[in-house]
Each structure stands twice: as C-alpha cells, then as structure tokens.
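Fold and contact review
Below, each chain spelled out in residue letters.
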Amino acid sequence: MAAFYLWVVAEDQYASITGFTVRSEDGTSAIDVLGGLTQISGGGGASDADILYEFIQNQELVKAIDEKLDLRKIYGAPYPRDFVFGFDEKKPIEDLASHWRRMVRISYDSITGLIELRVHAFSANDAKNIAEAIVLESSRVINALSEQARRDATRYAEEDLGLAVERLKISRQAVTEFRSINQIADPTADIQVQMGLINTLQQSLADALVEISIVSETARASDPRMTQAERRIKAIRSLIAEERRKIGVGGTSAEGGDYAEVLGEFERLAVELEFSEQTYLAALTAYDIARAEARRKSRYLATYIQPTLAESSEYPQRLMLFVMVTFFGALTWAIFALVYYSIRDRR
C-alpha cells in the first residue's frame, strides 16, 4: 500500500533553495573618537536572525504569503487524491501554518546567523515564488526592526532637542516683551550713556571749581562772577546727583522705569537666554550625533543564495519513505507477534 501510494498516487514535489543572513553596518565612526560618546546600543546579527527564524515559522508570515500567492490553492492542488502531501483548502489558518512547516524546511546556525530554506511545492515555479516571497517578507521585517532601532536611538535626543527649542523660544519671547515694555533695547548700553553723561558733568564741575578758585583770588565775594560761578557749580552738582539717582536704587530711567529693577530683570533674562542657547546647541549636537549613529547601525538582509528554480522533482523521497515504512511496519508486526505468542504460551 505504501509503495502504491508513493509511486502512483503521491504528486511530485519541487524544491527551491535560498539562504540569507542579517548584517549590520557597525563600524567605528569619527564621532566616537572626537566626542568620546558611548555607542547607541543595537541588536547584533545573531539576535536578529533568531527573530527571523521564529518569524519564518510563524502564522503571520503564512497569512501574508497566502494573501499574495494563495497558498491554499498551491498546496491544495493534489488534494483529495494525494491526501497525505496535499492540503484541504477548507481547513483554517492554523492547519495551513502546520502544513507550511512541513513544506518549508528551515536550517539555522545560531553561531554564524546563517538561515537556509528548502521550500517545497508541486511545481518548480510555485516553489521559487514562495521562496522569493519569504525573502521579501523577511527583508521587510528586518527593515522594520532597523527603523525601530533608529527611532529608539534618536527618540530621547529628539525629545531633548524639542524641549531645548521650546525653552529657547520662551527666553527669546521674554526678552522681546521686556524690550517692548521698557522701550530699551539694552539697559547696559543705556547706563553706559548715563555714565558718560555723569563723567561729562563731573568734568564740567571740575572746570567750574577751578574757575571759581581763580576768580576768588582777585574778586570779592559780592562780585557777579563769583555768584555766577557758584550758581553754575550748584546746577552741575544737582544734575550729577539726579543722574546718579537715576542709575541707583529707586532711580528712574528716561521712560519712568526703576533702573535697578530694569537692569536686574534684564540681566536675569539675558542669563536665561544665554543658558537656553547653550542648551539648544548641546541638544542639537547630541541629536545630530544620534542620527549619524543610527544611520551607521542600520541592518539589512544579505541573501547569499538566491531562490533557485528546480529542473526536476526530488520529493517526496519515495525510496527512503518506502524503506522506513517497511522497517517500522516489520518492527511493529514483530512486536505484536511476540506479544501474541507470549500470551498464547501462558494460556
């Protein structure tokens, strides 16, 4: 019966072979040397190959390829005549995934990360198409893993950059509002102008004191020149006191603001703005480094055996299956025969 089924009923199967592995571009960059920054962690080729090994046997891949190539029709072509190797198209996706694991033989070396597939189908073209679809879906999965790794690598740097940008905007807006309210572009420059005016007045006061000293040597106290010089000195001193009061505590600027408070508020805003700018530059540099590191650590699927097109059917291996069935059948018969004779002899 086994020989009849294998050589008469069972359909020929063709095999397409393909092999691939996961590679990662992970070299040392100049950024590591100059910046001394730690490398962004990323999975190596072996761990990615482990994921891929499980994915190829998963129901998700079976469903995706079934939607593209109609696996039920491909594997169900010889059914119900070849009910052992064929597939009943009416069965659910779980049975199709189980049949998939029979038709797709996977060999995986966990040390080297090499994956080799032997895809069986009832026609050479179907076997090659399924192998190509597996390679395509595997490449999609690896690209998704690589993209996820890049997003994870740059996510925190991007968040820090966003916070730095927002902080810089707030600082610049505060400085702009300060200048708009106080009508002063730079209080420091305004104070320098005031100090220049005070220095000029002090020079005028010195000249006036020299002049009154010279006049007092030859003129009497009731001399009009003495009166005029004293009035000038008094006026200059009054102006100096007024200008000093403006830039001191409680003093007011030309626009009516308190100079001490205005200057203190401006210095605070200037310090915050400078710190925000430095934080922004540091965050921008870290973000650029993170992006460069993420691009440098990209993964890709390296196919070292392109899906082959079979010229002759190699499966099912009829002779080997026949020998196995004969051997186990004879062994089973021998066991039952021994049991039978043992029971009969005891009677």
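This text follows the structure it describes.
Okay, so let's go over this structure. (Residues numbered from 1 in each chain as written. Predicted model: local features only at pLDDT ≥ 70, side-chain atom pairs only at ≥ 80, totals over all residues. Heavy atoms only, no water.)

**So, the overall build of the protein chain**
What counts is decided by this rule: Secondary structure elements are taken from DSSP: a helix is a run of H or I of four residues or more, a strand is a run of E of two residues or more, and numbering for both begins at the N terminus. Relative accessible area decides the class of each residue, using a 1.4 Å probe on protein chains only: under 20% of the type maximum gives buried, over 50% gives exposed, and in between gives partly exposed. To be clear on the numbers: accessible area is Shrake-Rupley with a 1.4 Å probe, and residue cover counts the displayed protein chains and nothing else.
A count of helices and strands for the protein chain gives 11 helices and four strands. Within the span of the protein chain, comprising 347 residues, buried residues form 33% of the whole. Accessible surface, the protein chain: about 21,500 Å² in total, of which carbon and sulfur atoms supply 56%.

**Some thoughts on the pairing of strand β1 (residues 14-24)**
In summary, the side chains of a regular strand alternate between the two faces of the sheet. For clarity, the cut-off: A pair of strands is labelled paired if DSSP reports no fewer than 2 bridges between them.
With seven bridges connecting them, β1 and strand β3 (residues 114-121) associate as antiparallel partners. By the bridge assignment for β3, A15 is matched with H120. As paired strands, β1 and strand β4 (residues 299-305) are joined by six bridges and run antiparallel to one another. Looking at β4, one finds that V22 is bridged to L301.

**Comments concerning the nonpolar core**
Heads up, the condition is: To form a nonpolar core, buried Ala, Val, Leu, Ile, Met, Phe, Trp, Tyr and Cys residues must be joined to one another through side-chain atoms within 4.5 Å. Any two residues having at least one pair of non-hydrogen atoms within 4.5 Å are treated as being in contact.
In terms of nonpolar packing, the biggest core is built from 38 residues, with L52, Y75, W100, I130 and I134 touching the most fellow members. Elements supplying a minimum of two residues to this core: α1 (2-9), β1, α3 (45-56), α4 (59-69), α5 (71-75), α6 (93-103), β3 and α7 (124-182). By residue number, the principal contributor to this core is α7, which donates eight residues. Among all residues touching W100, those that are not within four sequence positions of it are I56, L61, V62, I65, L71, Y75, I130 and I134. With 11 residues, the next largest nonpolar core counts L201, A208, V215 and M226 among its residues.

**Points about the pairing of strand β2 (residues 104-109)**
Examined bridge by bridge, β2 and β3 share six bridges and lie antiparallel to one another. Pairing of D109 across the sheet is with L114, part of β3. Here β2 folds back onto β3 in antiparallel fashion, the turn holding four residues, of which G113 has a positive phi close to 80°.

**Details of the packing of α4 against α6**
As a reminder, the rule being used: Axis lines are fitted through C-alpha atoms, for helices just across the contact stretch, and the angle between N-to-C directions can take any value from 0 to 180 degrees. For classification, angles of less than 35 degrees are called roughly parallel, those exceeding 145 degrees roughly antiparallel, those between 65 and 115 degrees roughly perpendicular, and all remaining angles oblique. Each residue receives one of three labels: charged for Asp, Glu, Lys and Arg, nonpolar for Ala, Val, Leu, Ile, Met, Phe, Trp, Tyr, Cys and Pro, and polar for the others, Gly being one of them.
Relative orientation of the contacting elements α4 and α6 amounts to 100°, with a least axis distance of 9 Å. Here α4 is positioned roughly perpendicular relative to α6, judged by the angle of their axes. When α4 is examined against α6, the residues Q59, L61, V62, K63, I65 and D66 are found in contact with a partner set consisting of I93, E94, L96, A97 and W100. In terms of residue class, the contact of α4 with α6 is made up of seven nonpolar, one polar and three charged.

**Considering the side chain of S16**
We apply this condition: Distance and chemistry together define a polar contact, namely a pair of N or O atoms within 3.5 Å, with one atom able to donate a hydrogen and the other to accept it when in protein, and with adjacent residues in sequence counting only for side-chain atoms on both sides.
The residue S16 is located in strand β1 in this model. Judged by its relative accessible area of 0%, S16 is buried. In terms of polar contacts, S16 uses its side chain to reach the backbone carbonyl oxygen of T308, at 2.6 Å. Contacts of S16, omitting those with residues within four sequence positions, involve L117, R118, V119, A127, K128, A131, P307 and T308.

**A look at α1**
In plain terms, the rule: The reported arc concerns the directions from the helix axis to the C-beta atoms and nothing else.
Along α1, the residues classified as buried are Y5, L6 and V9. For α1, the buried positions fall inside an angular range of 120° around the axis, keeping them on one side. Residues of α1 that are buried make contact with α11 (318-346).

**Notes on the sheet that holds β1**
Taken in spatial order, the four strands of this open sheet run β2-β3-β1-β4, and their pairing is antiparallel. At either end of the open sheet lies a strand with only one pairing partner, and these are β2 and β4. Geometrically, the sheet is characterised by an average inter-axis angle of 25° between neighbouring strands, direction not taken into account. Sitting on the sheet, α6 touches β2 and β3, and the angle it makes with β2 is about 65°.

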